[in-house]
Amino acid sequence: MFSRVSLILIGAAYIYYQVNALDCGFAELEVDNNITMKTQTILSGLNMSVSIQVEQAVYVNVMISEIKLVSECFLIGDTTSCNCSVGYSWSNEVCYNSSCCTETTCTQNVAHIEPLCVAKVQVSINGSVTLTSGFWDADKTTKLKSAFRSRLNGYESLNITGSSAETADFKAVVCIKLKTSVLNQLLEDLMANLSAKVRVDNVGMVNITAPEDIVAYKSSPTLKCTFEGAVHSTGWKLIREQKPLELTSGTVVTVTDCSSDPKYSSCIAVTLNKVTGYGSGTYECRFTFGSVTHTAKAELKVSLLPEEITMKIDPPVADCSNSSNLEVTVTATIQNSNESYNVSWQFPGAKLSRGSGPASDKFCDLHEDWPKTPEGGTVINQCENGKTGYRSRTCKDGEWKTVFSSCISAELKKVINAAEDFKTGIGATQEAAMGIFESLKDTTTSTSSNDPAGISASISIMKVMATGSESITLKEEVFDDFLNAASNLLANNWTGVNESITNDMSLQYLDGVENLVKNIQVNNTLNISKPNLDLKVSKGDCNISVFDVTVQLNETGGQFKTVGVRNLMEKLNNRFKPTSTAPHNLMLIVTKNGSSSTEITMDFPIKQLNDTELHCVFWDTKNMTWSDTGCRVERDSNHSDSNHSDSNQIDSNHTVCKCTHLTSFAVLMSKCNTPNNDKSNVILEIITYVGLAVSICSLVILLIIEALVWSVVVKTDLSYFRHTALVNIAVFLLLADCSFLASMSPENLSDQWCLILTLCRHLFYLAMFSWMLCMSVMLTHRLIFVFNPLRKRVFMFLSSIVGYGCPVLIVGISYVYCRYNEKEYYNKKTCWLVFDGTLDGSLFAFLIPVGTVIFTNLFSMAVVIFTLLKSSAPDGSKSDEKETFKSIIKVVIFLTPVFGVTWGIGFLLQILNKDHEAYPFLLYSSTILNTFQVI
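Keep in mind it's a predicted model, so treat the numbers as computed, not measured. (Residues numbered from 1 in each chain as written. Predicted model: local features only at pLDDT ≥ 70, side-chain atom pairs only at ≥ 80, totals over all residues. Heavy atoms only, no water.)

Colleague: Lay out the state of the cysteines with the relevant residues and their values.
Modeller: Taken as a whole, this structure holds 11 disulfides when the rule is applied. Paired by a disulfide, Cys364 and Cys395 hold their sulfur atoms 2.1 Å apart. One quick way to see it: the torsion about the S-S bond of Cys364 and Cys395 is about 90°, and its sign makes the bridge right-handed. You can see Cys364 sitting in strand β22 (residues 363–364) and its partner Cys395 sitting in strand β25 (residues 390–396), a full 31 residues away along the chain. In this pair, the class of Cys364 matches that of Cys395, namely buried. With its sulfur 2.1 Å from that of its partner, Cys754 forms a disulfide with Cys831. Across the S-S bond of Cys754 and Cys831 the torsion is about -130°, and the bridge reads as left-handed. On the criterion of sequence distance, the pair formed by Cys754 in helix α12 (residues 751–784) and Cys831 in the loop between β41 (826–827) and β42 (832–833) is long-range, its members being 77 residues apart. Just so you know, Cys806 is unpaired, no disulfide at all, and the nearest cysteine sulfur is the one on Cys774, 8.5 Å from it. The class of Cys806 is partly exposed, set by a relative accessible area of 33%. (Disulfide = S-S within 2.5 Å. Helix = DSSP H or I, 4+ residues; strand = E, 2+ residues; numbered from the N terminus. Buried < 20%, exposed > 50% of the residue type's maximum accessible area, 1.4 Å probe, protein only.)

Structure, rendered in structure tokens:
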């Protein structure tokens, strides 16, 4: 008799690679020996350091740290007996291939199976049985136990932990890691035999690794779970206060699949980015295969810091005017915690004001619950009526400023907290999102139009949920409550909101609504209409209507989402041009799955009013303003009049826009620069071209004549002054006319050339008027100070400053100001300055200087006329009166164009409405006089 085989498990064999990387593994060693040789003798004879081959021609040194005997097999003739050592049990391969599933001796030759015996582990199986028919009784308990006992390797026990007429809960224990396919088949057979649904969760099959020590605050710890077997789905939960919260990738939580690691068939990990106290708790991972779920748990402890410190000062402001010994109590409150904190106080500085101080010290007196406060001080008070947040008020210039309030209801604060939690990825489920939007709907229903804090907080919730929806899937069931809440926020005009923050709130609203509409998943089609929002989702059909606006894409297929929004446009900044929002206050937000390069057509039911121009624009998120880039007004083939000659016009009741991108759209309305009459436009254009041609030719002739006769006519200082001014006026008028003529067709110019021509026109016209000012001032000076004439050097120095320096300075400052404040300096459609409203826009850098010159020159003309009248007063004869009258007529005729008085008609055009009966006459007069101007 002899023993043929002895299997020995070598544990914790440390392998040192050439790169000195440390790894650990286990191996089995099969030893044939004679029965006379003791097992311990074999073990003691093994070398604790060996070399093994891991790849072709690659060997590594292995250090064996521990050796254990796990099984022995004896072959006596034809009889075989194998046993596992204490603490080990037959592997699943032995059990299900050789029917050795108990801890008794196996009489089959299984020594060749690897692994033969495995270390015992406790696997707990928690399950429930729900009968579809019949009642639970002892017979079904017996069938349940028998099935587990006969078919599960390492079975130890099964107990019923609770039962009712139709259900039963049980807990089974096995001492070996289960084979999932066997357990799943067992459950399927039980469901068929018992006419029931059976589901189980087990613990012990999954290996979980987590930080053992307390992790640092704002660190990024990682937990990892591995499972050897096939799975259908995986997931993580955070169990806190007996409440399981599903984990999804968000701003804090990152769930990853690490099954690419060849060591494991299934692996999932969760990383907490900059973890805070909210991340403390028990983490549970799960691997599901059919009706079987494998789980493992580990606790994560975070070294906490107070995330919210509430300071209270009593009294809020220390008034030392009546006492030099005043006690101030400062209280700091944090959330209750098991952490031990070291508390320190710092007082960086204090502003002391006493009654004996300087007489210039300013105070704001006691007003309601705002105490007496020194100049520059800000008082912070708690909210009233159970609201959370604070109220603050600043004392400035001895007066109390407007109260700033962030006070919101406790219900709204809970919604904010829930949304912030959702964004992190902790508890971010579809059910949680539906609860958040339902609560938001309820709170916005009661939000007052005079509650800016509540409106702002509600908008921030939508923004937070939009951020969360980037990584967390939201389904279409949330749409109804979300759109109700969004519509409620636009039900009033935000009359209580400060104008300085209205635009920012509108941008947040727009961004939140657009991203939520884009990210919420819709299976097929959807149609939800609310008072201020109208949502349509189509699939394959790219021709839909929202708020009576027809939207059409030039392609089909994919999913097409459109939402119309009312009562928002007037809350957004409008720097596009001197426009107002068109009727209906409608804006479209359009998104589509698939290509973003497409053309979209929108038919707005907007009527064009008299003397107005409509513009198709989109909201430019980069520049935060309306822009018409990529959008144009088109003729509507279904509504246009066939006799209409202008293809860019629309019919009287519709505006059709075409754009080459998908975003937020609107229609803006502005006053036309010319009367809405095609014939008048043509006539004015002809007059302009002819007038400019005549003016340019005449100015060239004038300059040639001046050059030829200069030495003859310039003999006195007065003639030198007059001809110098005339030449400069002529030169700059000639340059301005050429620039104007070059920019008559701005649609054919690039943006760069359009800017250059705008700068030239601005500079040359200002220089022309500046020299007109020099001439008028010089003439006035000569009339008033007859015996104190200006010297030539003084005149040239002052005139150069006014005529050359001032225009350059004005143009440079206006251009830099517009660039610095991100305002448009020029209009790309006209290649001229921009008018954004009263005293707003680069046009006023032209109108104000020109207006100043014109009124100054009018005064100079009045002085000349008065001087003429005064000089003829002593005689009083009729012949002298006639001569005086003729002189005055000559003065007016000569000085009116030279002093730029004809340009004053342009100011009247800016004041008068285009419907005024005098407007056409003034328009034609201004065009004729200014374009035909020779000097």
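Colleague: Got a sec to walk through the sheet that holds strand β39 (residues 655–659)? Specific residues and values, please.
Modeller: Taken together, the five strands give an open sheet; going across it, the order is β30-β31-β35-β39-β38, and neighbouring strands pair in antiparallel fashion. One side of each edge strand has no neighbouring strand; the edge strands of this open sheet are β30 (543–546) and β38 (631–634). Neighbour to neighbour, the strand axes of the sheet diverge by 25° on average, direction disregarded. Pairing between β30 and strand β31 (residues 549–553): four bridges, direction antiparallel. Across the sheet, residue Ser545 finds its bridge partner in β31, namely Thr550. (Pairing = 2+ DSSP bridges. Axes fitted to C-alpha atoms, helices over the stretch in contact; angles between N-to-C directions.)

Colleague: Before we move on, could you go through the environment of Glu72 and cite the residues and values that matter?
Modeller: By secondary structure assignment, the location of Glu72 is in strand β4 (residues 58–76). Here Glu72 falls in the partly exposed class, since its relative accessible area comes to 27%. As a C-alpha pair, Glu72 and Cys117 span 45 residues in sequence and 9.9 Å in three-dimensional space.

Colleague: Give a description of helix α3 (residues 138–151) that names residues and reports values.
Modeller: Here α3 is 14 residues long and its end C-alpha atoms lie 20 Å apart, about the 20 Å a rise of 1.5 Å per residue gives. Those residues of α3 not exposed but buried are Lys140, Thr141, Leu144, Ala147 and Phe148. Buried residues of α3, viewed axially, fall in a sector of 130°; they line one side. Within α3, the exposed residues directed more than 90 degrees away from the buried face are Ala138, Thr142 and Ser150. (Expected span 1.5 Å × (residues − 1). Arc of directions from axis to C-beta.)

Colleague: Let's hear about helix α13 (residues 792–820): which residues, and what values?
Modeller: Taking 1.5 Å as the rise per residue, α13 with 29 residues should run 42 Å; its terminal C-alpha atoms sit 41 Å apart, in good agreement. The largest bend along α13 measures about 35° and falls at Gly805, with the proline Pro807 one to four residues further on. Burial in α13 covers these residues: Phe795, Ser799, Gly803, Pro807, Val811, Ser814 and Cys818. The positive-phi residue at the C-terminal boundary of α13 is Glu822, with phi of around 55°. (Bend = angle between axes of the 7 residues up to and from the residue.)

Colleague: Quick one: what's the story with the sheet that holds strand β17 (residues 266–272), residue by residue and with numbers?
Modeller: Spatially, β12-β13-β17-β16 is the arrangement adopted by the four strands of the open sheet, whose pairing is antiparallel. Of all the strands in the sheet, just β12 (207–209) and β16 (253–257) have a single pairing partner and so form its edges. The mean inter-strand angle of the sheet, taken between neighbouring strand axes irrespective of direction, is 15°. Both β16 and β17 contribute to a ladder of five bridges, which runs antiparallel. Across the sheet, residue Val255 finds its bridge partner in β17, namely Val270.

Colleague: Go over the pairing of strand β11 (residues 196–203) with me, naming the residues and quoting the values.
Modeller: Only one face of β11 is buried: it carries Ala196, Val198, Val200 and Asn202, and the other face, with Lys197, Arg199, Asp201 and Val203, is open. Where β11 lies against strand β19 (residues 292–300), four bridges are found, and the strand directions are parallel. Note on β19: the bridge partner recorded for Val203 is Thr295.

Colleague: So what's going on with the packing of helix α6 (residues 430–445) against helix α7 (residues 452–468)? Which residues, and what values?
Modeller: Each packed pair of helices is defined by two parameters, the angle between the axes and the distance between the axes. Contact pair α6 / α7: the axes reach a minimum separation of 11 Å and the direction vectors enclose 160°. What the angle tells us is that α6 and α7 run roughly antiparallel. Considering only the axes of α6 and α7, their crossing is left-handed. Residue-level contacts link Ala433, Ile436, Phe437, Leu440 and Thr444 of α6 to Ser458, Ile461, Met462 and Met465 of α7. Taken together, the residues of the contact of α6 with α7 sort by class into seven nonpolar, two polar and no charged. (Parallel < 35°, antiparallel > 145°, perpendicular 65-115°, else oblique. Left-handed = near helix turned anticlockwise from the far one by under 90°. Contact = heavy atoms within 4.5 Å. Nonpolar A, V, L, I, M, F, W, Y, C, P; charged D, E, K, R; others polar.)

Colleague: Outline the nonpolar core, supporting the account with residue identities and numerical values.
Modeller: Counting 55 residues, the largest nonpolar core has Ile461, Met462, Met465, Phe479, Phe482, Tyr509 and Leu516 as its most contacted members. No other element matches α7, which puts nine residues into this core. Listed in part, the 48 residues of the second largest apolar core include Ala168, Val174, Ala296 and Leu300. (Core = buried A, V, L, I, M, F, W, Y, C linked by side-chain atoms within 4.5 Å.)

Colleague: Mind laying out the environment of Leu526, listing which residues take part and the relevant values?
Modeller: Its place among the elements puts Leu526 in strand β28 (residues 526–529). In this structure, the C-alpha to C-alpha distance between Leu526 and Ser538, residues 12 residues apart in sequence, is 6.8 Å. Look past the residues within four positions of Leu526 in its chain and what remains in contact with it is Glu476, Phe479, Leu535, Lys536 and Val537.

Colleague: Could you give me a rundown of the packing of aromatic side chains, with the residues and numbers involved?
Modeller: This model, assessed by the stated rule, comprises 15 aromatic pairs. A centroid spacing of 5.5 Å and a plane angle of 55° characterise the contact between Phe437 and Phe482, whose relative ring orientation is tilted. Of this pair, Phe437 sits in helix α6 while Phe482 sits in helix α8 (residues 479–489); the two residues are 45 residues apart in sequence, bridging distant segments of the chain. In terms of burial, Phe437 and Phe482 fall into one category: buried. Ring geometry for Trp771 against Tyr804: centres 5.4 Å apart, planes inclined by 65°, an arrangement best described as edge-to-face. Here Tyr804 lies in helix α13 and Trp771 lies in helix α12, a separation of 33 residues in the sequence. A residue is classified by how much of its surface remains accessible, and Tyr804, at 38% relative accessible area, is partly exposed. Across from the ring centre of Phe363, 4.7 Å away, lies the NZ or CZ of Lys372, which sits over that ring. (Phe/Tyr/Trp six-rings, centres within 6.5 Å; stacked < 30°, edge-to-face > 60°. Lys NZ or Arg CZ within 6 Å of the ring centre and 35° of its normal.)

Colleague: Break down the pairing of strand β14 (residues 233–240) for me, citing the residues and quoting the values.
Modeller: Relative to strand β18 (residues 281–289), β14 runs antiparallel, the two being bridged by seven bridges. Following the sheet pairing, Thr234 is matched in β18 by Phe287. Pairing between β14 and strand β15 (residues 243–246): four bridges, direction antiparallel. What sits directly across from Lys237, in β15, is Glu246. If you look at the hairpin formed by β14 and β15, you'll find two residues sitting between the two strands, and Glu241 has a positive phi there, around 55°.

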